[in-house]
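Here is how the chains run, residue by residue.
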Amino acid sequence: MRTHEPPPGERAKLASRAAKGLTGSRSARRAALRGTGSLALASAAIQAATKVLDRRRPLRHSSSRVVSSHRTAGAAAFATAATLEMPRLGFALLPVAAGTAVSRLRAGAHAPGRVLVDVAFGVGVAAATCRWWPLHRDAPADSARPKLPVPALPSGEGLVVVVNSDAGGEAPAEVELRALLPKADIRLCEAGEDLHTVLRRAAAQVQARGGALGVVGGDGTVNAAAVLAVDNRLPLAVFPGGTLNHFAADLGLPTLQEAAEAVEAGRGGTVDLGRITGDGTCAYFLNTFSIGAYPELVRAREARETSLGKWPALAVGLLRVLADGAPIDITLDGRPRRLWLLFAGNSRYDPPGFAPTYRPTLDDGLLDLRLVDAKHPFARTRLVAAFLTGTLARSRVYQEATATRLRIDGVSEAGDYTRDGEVSPAADTLVLDKRSRALTVYLPAPE
């Protein structure tokens, strides 16, 4: 029997309908990535199984049957995975996946039982991705009530915003922000200008006239503005304008428009700052602190960023660090340790494991500590194997804990450290702790 092919572009329909659901949002991008990855895994598994069967027995019409299974399982995998990441996409995607399965039945390509097996296989592959790549929660992190009044600034009147043109954002943030907040005082920090100087001038004006300090940039830029906001007791408006914008995402402000709405409405809260002290110096981190392999990765990326671009440079740098990296010897709270990596998060991160992505709260007073131990044989290999098999929590080379304070000795011999993605020279002894609820920020309306 000749197989009836369904209307062309079924997979394209799945992708296009997913994209229509919230184009440009972080949730939609994650849904598309999970869906595409699940589809590829399902197709690869079916192809591998088919090759094994072909060696054992000749199959008549095997080509059309394999294509049929690919389409059915792939559609189910894509739709299920995207829906897991972004449930409202299910209204568009699940009917398309169901239609693909029905078209296989009507064409007589497979018996009903085989079609159900293909659908179940695709759904299972999508569900299995959650074991290695946990689902992300898009709700804003919890925060405390603001210690300082957060003024409502209609049209941005009273807001002084510094836009870092070197932050790495994709869109002309300055132009969009002027349209959203026409009365705001927007200052562009051009390439070559000292960002800290521009921020200090902006903070001094807000201090004299009242209002709020705003910043457009990535996490490193926001870090610099946050320190000034705390020192001058000013509310801070965070506008995402960098490559990743982790802090803005945890605040619940993934776009310039949502941040502008928060400023106009005057909604605010207070969040913790992570603090790093050593040799009479003090620095802060909004998101993360780390020593070990990560600072090497940042340096390797920056060395190639101009010629390759940020993301290709990051990929090349990662390969180099994995090949050439070496463990570090430090002392944690008086205990000698040999580590590949020490990660400290400003408040507890989720999910557990080696890829923390978001925080349920920004004011819990805790440091989230994650360590990769190098004293065990084949530590890197065991770490990768545990990650791939979803057994990281039981791996001896990986450890998690929370603390309110951590002393690290021998850091200068281990190399530099990073805070919020920026590499800094390290004193021999560093102490990590928290300034609880120190920073006042604008926040979105509660859901």
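Our subject in this report is the structure included herewith. (Residues numbered from 1 in each chain as written. Predicted model: local features only at pLDDT ≥ 70, side-chain atom pairs only at ≥ 80, totals over all residues. Heavy atoms only, no water.)

## With respect to the overall build of the chain
- Helix and strand counts for the chain come out as 14 helices and 15 strands.
- Classification of the 447 residues of the chain by burial places 46% in the buried group.
- For the chain, the share of sequence-separated contacts (at least 6 apart) that also reach a separation of at least 24 residues comes to 74%.
- Surface accessibility of the chain: about 21700 Å² in total, with carbon and sulfur atoms responsible for 56%. (Helix = DSSP H or I, 4+ residues; strand = E, 2+ residues; numbered from the N terminus. Buried < 20%, exposed > 50% of the residue type's maximum accessible area, 1.4 Å probe, protein only. Contact = heavy atoms within 4.5 Å. Areas by Shrake-Rupley, 256 points an atom, 1.4 Å probe, with all protein chains shown as cover.)

## Focus: the pattern of salt bridges
- Evaluated as defined, the whole model comprises 15 salt bridges.
- Among the salt bridges present, the one from Arg 275 reaches Asp 433, with a minimum N-O distance of 2.9 Å. Taken together, the positions of Arg 275 in strand β5 (residues 268-278) and Asp 433 in strand β15 (residues 429-442) put the pair 158 residues apart, joining distant regions of the chain.
- Exposure remark for Asp 433: the relative accessible area of 17% places this residue in the buried category.
- With a closest N to O distance of 3.0 Å, Arg 407 and Asp 409 form a salt bridge.
- Salt bridges linked by common partners bring Asp 272, Asp 364 and Lys 434 together as one network. (Salt bridge = Lys/Arg side-chain N within 4 Å of Asp/Glu carboxyl O.)

## Things to note about the nonpolar core
- Ranked by size, the top nonpolar core spans 54 residues in total, and within it Leu 159, Leu 236, Phe 239, Leu 251 and Leu 439 carry the most contacts.
- It is helix α8 (residues 219-231) that contributes the most residues to this core, seven residues altogether.
- Grouped together as the second largest cluster of nonpolar side chains are 23 residues, Ile 276, Ala 283, Ile 408 and Ala 427 included. (Core = buried A, V, L, I, M, F, W, Y, C linked by side-chain atoms within 4.5 Å.)

## Concerning the pairing of strand β12 (residues 406-409)
- Here strand β8 (residues 328-332) runs beside β12; their pairing, made up of two bridges, is antiparallel. Among the inter-strand pairings, Thr 331 is bridged to a residue of β12, identified as Asp 409.
- Of the strand pairs in this sheet, β12 and β15 are connected by four bridges, and their pairing is antiparallel. Bridge pairing in β15 places Leu 406 opposite Leu 432. (Pairing = 2+ DSSP bridges.)

## A word on unusual backbone geometry
- With a phi angle near 55 degrees, Arg 233 is a residue other than glycine that sits in the positive phi range.
- Turning to its location among the elements, Arg 233 is positioned in the loop between α8 and β4 (236-240).
- A relative accessible area of 59% means that Arg 233 is categorised as exposed.
- The phi angle at Arg 437 is positive, at roughly 50 degrees, despite the residue not being glycine.
- You can see Arg 437 is positioned in strand β15.

## Side note on the environment of Leu 33
- Take Leu 33: it is sitting in helix α2 (residues 26-56).
- With relative accessibility at 57%, the residue Leu 33 sits in the exposed group.
- As for Leu 33 and Ala 81, which are separated by 48 residues in sequence, their C-alpha atoms are 9.0 Å apart.

## Side note on the packing of helix α6 (residues 173-180) against helix α10 (residues 256-265)
- Packing of α6 against α10 brings their axes to within 10 Å, and their N-to-C directions diverge by 35 degrees. Seen from above, α6 lies across α10 with right-handed handedness. Contacts between α6 and α10 involve Ala 173, Glu 176 and Leu 180 on the former and, on the latter, Leu 256, Gln 257 and Ala 260. (Axes fitted to C-alpha atoms, helices over the stretch in contact; angles between N-to-C directions. Left-handed = near helix turned anticlockwise from the far one by under 90°.)

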